[in-house]
Amino acid sequence: MCRPTDTIETRRVIIAGAGPGGLLLQALLHHRNKTSSASTRIIYETTLIESRADLGTLTQEELQAHRSWMIGLANHGLEAVRTVPGLYDSYLAGVGIDVKEFNLFIGSKRISVPPPTVGGAPPQENFIVDRNFIVAALSRYGNEVLKQSAHYHTKYETEMLYVDHANHRVLVRNKRTNEEEYMAYDLLVGADGVRSTVRDALVKKHFDFELSVSDIFQNFKAVHIACPEAISPTALSVLPGCLPHFNGITLPESGGMVNLSLGVSRNNFDSNIDEDIKSDDADVVCNYFKNNLKCFKLTEEGYMDLALQWVNQRWNRTGMVHCNRYSSVECKIVLIGDAAHATSPSIGMGMNTALRDAQQLYELIDKYEDDLEQVLPEFSRIRVPEGNALSDLALHLYCFDTKVGAKTMLKGLVRGALNKLFPRLVEPDCQVYIGQSGYSLADVYQKATEQGIISIHRAVNERIRQEFFERQTGMIVDKPKSSVWKYSLAISAVVAVCGVAIKTKM
C-alpha cells in the first residue's frame, strides 16, 4: 500500500525587527522547513522587516564605523545559536573576546577572581561582543545561506507603521521610495524593540494585557579606549564609585582596546555631579578624568582620546519593559527580545534572553507540531517569568544609593569567601548563577530574593525614583532653604523677645 502524500501548507510569518532574536528565529524557521517530520507539513514563508540598513552587507572595515554596545554572549545565548547547524562555527566564532577573569576595583586596588562556577563545574564560555557585530554575522548567514530558499525574504529600510490585528495584516512603508503596502500574516513576531509597534496591537486587543515602559534611571556614556596597564585584556572589570556618584565597567574588545561605560543615576545627574563632566569642552573633560578617575591611569593621549569621544556623544538612556503576557492567539502575535522584556545592560543577559526566546519558540513549534493555538500560550507561560526576572534583576541587583550598593557588594564578597570555606553550609552570591547552564534567570531571581538583595534594593530604588519623579513633574516643589532659615530666625527672635519681656516683668 502506498504511503499517503504529505499535505503541505504555507504559513506566512512576518518578523518585525532584525536584531539578534529576530534574525535567529528566521534561521530556525528555515531550518524547520528542511527538517520537519510532521505529517501535515508546514512551510514557513518568512519576511524580515527592519527600518535600518542591512549590516550583513558591510565589510569588516565598514562595520567598524557602526560599533554599538559591548554585550555578553553567555551560555544561554550560545546554546540558542548552536541550534542552527554551522551558524556559530562558520559565522559567530571569533567575533567576541572570551572572558578569562573578573576584576573588581576598589579605588585603585584590583581584586581579581576567575570566572564564576557553580558546584565545582568547569568555567563556561562567556564572550564579550559588539551587538552590531553579532547582528552583522547573523545577517550574513541569512544573505549567504538562507537567500537560496524561495521562502526567505527581507525588507530592510522599511518601517512598520501599523498592525491591523483584526484582519491579520501590517502596514509598512519603504523609506527609500515612501511606498506603502499591506502585508498579510499567519504569525507576526514582534522583535521590534522597546517602542514596539507590534506590541501596541496587544494593548488594543486585550484589556487584561499589562505593560509598563520606563527607562533604567541611568544616564551613561560608553567609549572605546586603549587597554590600560592595570586591566587585563581578557577581563571584565567592575568599577564601583570610579568617579563621584558614578559606577563603571570595562569590557574587553579586539585590537588591544576596552569598552569603558560610566553611568550615574538620574537624581544624581541633575543635582550632585560636577558640571565639568557635563561640559562640551574636551579640555575640561580631560582634566576632570585626570583628577578624578582613580581606578587606573591613562597616557596623556589616552585621556584626550577619552574626552573627545565623551563630548562628541549624547548622554544615553535605555528602556525597560515589563509585560504579563508575550502572545495572543487571537491576534496571531508573539513578542520576543526587547519588545517583551527590554532591560538594563548591567547583568549582560538581554541579548542572551532574546536568543533564548527564539530558540524556545522554535522548540515549542516542534513539540506541538506547528499548532500555534498551543504554542503561543505555552510560550507566554514559560517565558514571562524569565523576561520579568531579567528586567528586575538587572535593575535591582544594584542600588541607586551608592552606600547601600557598597554594603551589598561587601556582603557578596564575604558570602563568596565563606562559600569557599564551607560550600555545604553557605550558598554563593546569587550573581554567580547568572548565565550558568541549568539555572534560569527566574532561579537567580529567587536566590536574590532569598538572600535579601531584591527587597532592600527595590525599596530604596523605588523611593528614589518616586521622589525624583515628584520633583521633576512639579508635584513636589522644594522650598528655598533661605526662606526656611529666615522663618526660623524670626520665630527664634520673637521667642527671645517674649522671654526677655516676661523676665523683666518678673
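Residues numbered from 1 in each chain as written. Predicted model: local features only at pLDDT ≥ 70, side-chain atom pairs only at ≥ 80, totals over all residues. Heavy atoms only, no water.

## A short note on the sheet that holds strand β9 (residues 158-164)
1) Next: A sheet is described by the order of its strands in space; here three strands give the open sequence β9-β10-β11, paired in antiparallel fashion. Strands with a single pairing partner mark the edges of an open sheet, and in this sheet they are β9 and β11 (180-184). If you compare each strand with its neighbour and ignore which way they point, the axes differ by 30 degrees on average.
2) Next: Pairing geometry for β9 and strand β10 (residues 169-174), over six bridges, is antiparallel. The partner of Glu159 across the bridge, within β10, is Arg173. (Pairing = 2+ DSSP bridges. Helix = DSSP H or I, 4+ residues; strand = E, 2+ residues; numbered from the N terminus. Axes fitted to C-alpha atoms, helices over the stretch in contact; angles between N-to-C directions.)

## Focus: the nonpolar core
1) Next: Within the largest apolar cluster, 77 residues are counted, with the highest numbers of intra-cluster contacts made by Met160, Val163, Val170, Leu188 and Ile333.
2) Next: Residues Ile277, Leu293, Phe296 and Val311 belong to the second largest nonpolar core, which totals 30 residues. (Core = buried A, V, L, I, M, F, W, Y, C linked by side-chain atoms within 4.5 Å. Buried < 20%, exposed > 50% of the residue type's maximum accessible area, 1.4 Å probe, protein only.)

## Remarks on the pairing of strand β7 (residues 127-130)
1) Next: Of the two faces of β7, the one holding Phe127 and Val129 and the one holding Ile128 and Asp130 are both buried throughout.
2) Next: Direction of pairing for strand β3 (residues 70-73) relative to β7: antiparallel, over a ladder of four bridges. Paired with Met70 across the bridge in β7 is Asp130.

## What to know about helix α15 (residues 453-472)
1) Next: Between its first and last C-alpha, α15 extends 28 Å over 20 residues, near the 28 Å set by a 1.5 Å rise per residue.
2) Next: For α15, the set of buried residues is Ile453, Ile454, His457, Val460, Asn461, Ile464, Phe468 and Glu470.
3) Next: Residues of α15 that are buried sit in contact with α7 (266-271), α12 (372-396), α13 (402-421) and α14 (441-450).
4) Next: Downstream of α15 by one or two residues, Gly474 has phi in the positive range, about 85 degrees. (Expected span 1.5 Å × (residues − 1). Contact = heavy atoms within 4.5 Å.)

## Things to note about the sheet that holds strand β17 (residues 257-265)
1) Next: Strand order in the open sheet made by the six strands is β6-β5-β15-β16-β17-β14, with mixed pairing throughout. Each having just a single partner strand, β6 (109-113) and β14 (218-226) make up the two edges of the open sheet. With direction set aside, neighbouring strand axes in the sheet form an average angle of 20 degrees.
2) Next: As paired strands, strand β5 (residues 101-106) and β6 are joined by five bridges and run antiparallel to one another. Paired with Phe105 across the two strands is Arg110, which belongs to β6.

## A short note on the packing of aromatic side chains
The way to describe two aromatic rings as a pair is by their centre distance and the angle between their planes.
1) Next: A full pass over the atoms with the stated rule returns nine aromatic pairs.
2) Next: The interplanar angle of 40 degrees and the centroid separation of 4.8 Å between the aromatic rings of Phe217 and Phe400 together place this pair among those described as tilted. Within this pair, whereas Phe217 is found in the loop between β13 (211-215) and β14, its partner Phe400 is found in the loop between α12 and α13, the two being separated by 183 residues in sequence. Both residues of the pair, Phe217 and Phe400, count as buried.
3) Next: Here the aromatic rings of Phe289 and Trp310 are separated by 5.2 Å at their centres, their planes lie at 75 degrees, and the arrangement is edge-to-face. With Phe289 in helix α8 (residues 282-292) and Trp310 in helix α9 (residues 300-311), the pair connects residues that are 21 residues apart, well separated along the chain.
4) Next: The class of Trp310 is buried, set by a relative accessible area of 1%.
5) Next: Members of the aromatic cluster, connected to one another through ring pairs, are Phe246, Phe269, Tyr288, Phe289, Trp310 and Trp315. (Phe/Tyr/Trp six-rings, centres within 6.5 Å; stacked < 30°, edge-to-face > 60°.)

## Points about the environment of Tyr152
1) Next: Topologically, Tyr152 is positioned in strand β8 (residues 152-156).
2) Next: Spatially, the C-alpha atom of Tyr152 lies 8.2 Å from that of Gln26, the residues being 126 residues apart in sequence.
3) Next: Leave out the neighbours within four places in its chain, and Tyr152 touches Gln26, Thr46, Gly142, Asn143, Leu146 and Lys147.

## Quick notes on the pairing of β10
1) Next: As consecutive antiparallel partners, β9 and β10 are separated by four residues, and within that stretch His168 has a phi angle of approximately 55 degrees, a positive value.
2) Next: The turn joining β10 and β11, which pair antiparallel and follow one another in sequence, is formed by five residues; a positive phi near 65 degrees is taken by Asn178.

## Overview of the pattern of salt bridges
1) Next: One pass over the structure, following the stated rule, counts 25 salt bridges.
2) Next: We note a salt bridge from Asp164 to Arg169, for which the minimum N-O separation is 2.8 Å.
3) Next: Bridged by salt links that share partners, the residues Asp215, Arg266, Arg317 and Arg465 form one connected network. (Salt bridge = Lys/Arg side-chain N within 4 Å of Asp/Glu carboxyl O.)

Spatial relationships are all this shows, so hold off on functional conclusions.
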